[in-house]
Amino acid sequence: APPDFHLLIASGCIRVARGPKENRARPAVDPLFRSAANVYGSRVIGVVLTGALDDGTAGLLAIKQRGGVAMVQDPRDAVSPSMPQNALENVEVDYCLPLVNIPSALVRLVGESAQPENRRLPPPPPGSAAIETAITEAVMTDMEKIDVVGKPSAYSCPECNGTLWEIQDGELLRFRCRVGHGYSPENLIAEQFEALESSLWAAVRALEERASLLRHLAEQSRARHHNAIFTRYQERVQEAEHNAAVLRELLLKNGPVGGEAQALS
């Protein structure tokens, strides 16, 4: 496109780096939008379509902060309305359209001249977009610069267990660790629940293995006529089996972990 015209950014236009995941995905939509806004400024048109959780909101906000155009699919028209709905709640979008009307709107917009002076939001803090892009592309070596874009929080990264930095984008709160893993609030909650579920299944396995070992030792004690030791082992077998059964029922029947994660989607 000519230098003063809008440019619709598609995934193929941006180099995909094998860096840290953002919102549990690589490649991810937020760093795509952010890097496009960082390079092309007001020429970028960002579109958020149907999808779960809140991916795309932070990237769409970055586009608006650089004077670009923000478009979302009407949540009432979306199969999964979470992504467009979250974008509407946190970004001053320019267009909210049914899917059938989006192609014609894009065709019209790419033929119009970009207007950088019409920015409705203040520019991001100096260097923050470039720093986050460098973190995402894994080219930053001085990770202390992450303090420029946020402050340490009380939470840890579910993927690497490092400290998460809080990044306040206007009303939008995000998180990023020193390694570079990034999370929106809902994606962080979902990842925490997945990590918790994984830990609970590991606990079930450990308890069932413990019960199996104790049962084996109990059988040996009975064969040697060590009745008192046999009784103690049997009691510990029953305790381990009970605890494992409680956790297994929690995971399979009630499903508090998966249930809440699905509700967020």
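Residue numbers run consecutively from 1 along every chain, following the written order of its sequence. Given that the model is predicted, a residue must reach a pLDDT of at least 70 before its local features are reported, and side-chain atom pairs must reach 80 or more before they are shown or counted; all residues, however, enter totals for whole chains, interfaces and linings. Excluded from the side-chain calculations are hydrogens and water; all other atoms, namely the structure's heavy atoms, are used.

Draft legend 1. Focus on the packing of aromatic side chains. Paired rings are identified among Phe, Tyr and Trp, the last through its six-membered ring, by centres lying within 6.5 Å, and are further divided according to the angle between planes into stacked (under 30 degrees), edge-to-face (over 60) and tilted (the rest). In the structure shown here, the tally under the stated rule is one aromatic pair. Ring centres of Tyr155 and Phe175 lie 5.9 Å apart, and the angle between their planes is 80°; this geometry places the pair in the edge-to-face category. Pair noted here: Tyr155 is in strand S5 (residues 151–156) and Phe175 is in strand S7 (residues 172–177), with a separation of 20 residues, a long-range link. Residue Tyr155 is classed as partly exposed on the basis of its relative accessible area of 42%. Counting from the N terminus, the helices are DSSP H or I runs at least four residues long and the strands are E runs at least two residues long. Relative accessibility thresholds used throughout: buried, under 20% of the residue-type maximum; exposed, over 50%; partly exposed, between the two (1.4 Å probe, protein chains only).

Draft legend 2. Representation of the sheet that holds strand S6 (residues 163–169) in the model. Only strands that DSSP links by at least two bridges are regarded as paired with each other. Pairing is antiparallel in the open sheet, where four strands are placed in the order S5-S6-S7-S8. Edge positions in the sheet fall to S5 and strand S8 (182–183), since each of these pairs with one other strand and no more. Where S5 meets S6, three bridges bridge the pair, whose relative direction is antiparallel. Directly across from Ser156, in S6, lies its bridge partner Thr163.

Draft legend 3. A look at helix H2 (residues 57–65). Taken across its nine residues, H2 has nine buried, putting it largely inside the fold. Turning to H2, its buried residues are Thr57, Ala58, Gly59, Leu60, Leu61, Ala62, Ile63, Lys64 and Gln65. Contacts between residues were defined by any pair of non-hydrogen atoms, one from each residue, lying within 4.5 Å. At its buried positions, H2 is contacted by helix H1 (29–40), strand S2 (44–48), strand S3 (69–73), helix H3 (82–90), S6 and S7. Downstream of H2 by a residue or two, Gly67 has a phi angle that is positive, lying close to 90°.

Draft legend 4. The pairing of S7, seen in detail. Most of S7 is tucked away, with five of its six residues classed as buried. The antiparallel hairpin formed by S6 and S7 contains two residues in its connecting segment, where Gly170 sits at a positive phi of about 65°. Pairing between S7 and S8: two bridges, direction antiparallel. Looking at the pairing, Arg176 lines up with Gly182 of S8. In this antiparallel pair of consecutive strands, S7 and S8, the connection spans four residues, and Gly180 shows a positive phi of 125°.

Draft legend 5. Structural detail: helix H4 (residues 102–110). Those residues of H4 not exposed but buried are Ile102, Ala105, Leu106 and Leu109. Looking down the long axis of H4, one finds its buried residues gathered within 100° of arc, a one-sided arrangement. Throughout, the arc means that of the directions going from the helix axis to the C-beta atoms.

Draft legend 6. The arrangement of the side chain of Arg176 in detail. Along the chain, the position of Arg176 falls in strand S7. There is a polar contact of 2.8 Å between the side chain of Arg176 and the backbone oxygen of Gly180. Residues adjacent in sequence count toward polar contacts only when both atoms are side-chain atoms; beyond that, a polar contact is any pair of N or O atoms within 3.5 Å, and within protein one must be able to donate a hydrogen and the other to accept it.

Draft legend 7. Expanded view of the nonpolar core. Side-chain atoms within 4.5 Å are what join buried Ala, Val, Leu, Ile, Met, Phe, Trp, Tyr and Cys residues into a set we call a nonpolar core. In terms of nonpolar packing, the biggest core is built from 17 residues, with Phe33, Val48, Leu60, Ile63, Val72, Val91 and Val93 touching the most fellow members. Of all the secondary structure elements, the ones that give two or more residues to this core are H1, S2, H2, S3 and H3. For Val48, the contacting residues outside a window of four places in its chain are Phe33, Asp55, Gly56, Leu60, Met71, Val72, Gln73, Met83 and Pro84. Met71, Leu97, Ile102 and Leu109 belong to the second-largest nonpolar core, a separate cluster that totals eight residues.

Draft legend 8. Spatial organisation of the pattern of salt bridges. Counted as salt bridges are all cases of a side-chain nitrogen of Lys or Arg within 4 Å of a carboxyl oxygen of Asp or Glu. Enumeration over the complete set of coordinates arrives at seven salt bridges. Across the pair Glu208 and Arg248 runs a salt bridge whose closest N-O atoms are separated by 2.9 Å. Of this pair, Glu208 sits in helix H6 (residues 185–223) while Arg248 sits in helix H7 (residues 227–254); the two residues are 40 residues apart in sequence, bridging distant segments of the chain. Owing to a relative accessible area of 36%, Glu208 belongs among the partly exposed residues under this scheme. Across the pair Glu219 and Arg222 runs a salt bridge whose closest N-O atoms are separated by 2.6 Å. With Glu219 and Arg222 both in helix H6, this residue pair falls three residues apart, about one helical turn. According to the relative accessible area criterion, Arg222 is partly exposed, its value standing at 43%.

Draft legend 9. The environment of Val72, seen in detail. Note that Val72 resides in strand S3. Considering only alpha carbons, one finds Val72 and Leu97, 25 residues apart in sequence, at a separation of 6.6 Å. Residues within four places of Val72 in sequence aside, it is in contact with Val48, Leu60, Pro84, Ala87, Leu88, Val93, Tyr95, Cys96 and Leu97.

Draft legend 10. Main features of the packing of H2 against H3. As a packed pair, H2 and H3 sit with axes 9 Å apart at the nearest point and diverge in direction by 40°. Classed by the angle they form, the pair H2 and H3 counts as oblique. Handedness of the H2/H3 crossing: right-handed. The segment H2 lies against H3, with Thr57, Leu60 and Leu61 engaging Met83, Asn86, Ala87 and Asn90. Note on residue classes: Ala, Val, Leu, Ile, Met, Phe, Trp, Tyr, Cys and Pro are nonpolar, Asp, Glu, Lys and Arg are charged, and everything else, Gly too, is polar. Here the contact of H2 with H3 is built from residues that sort into four nonpolar, three polar and no charged. Here an angle of 0 to 180 degrees is reported between the N-to-C directions of two axes, which are lines fitted to C-alpha atoms, with helices fitted over the stretch in contact. Orientation is classified from the angle alone, with under 35 degrees giving roughly parallel, over 145 giving roughly antiparallel, 65 to 115 giving roughly perpendicular, and any other angle giving oblique. The handedness criterion is simple: a crossing whose near helix is rotated anticlockwise from the far helix by less than a right angle is left-handed, and one whose near helix is rotated clockwise is right-handed.

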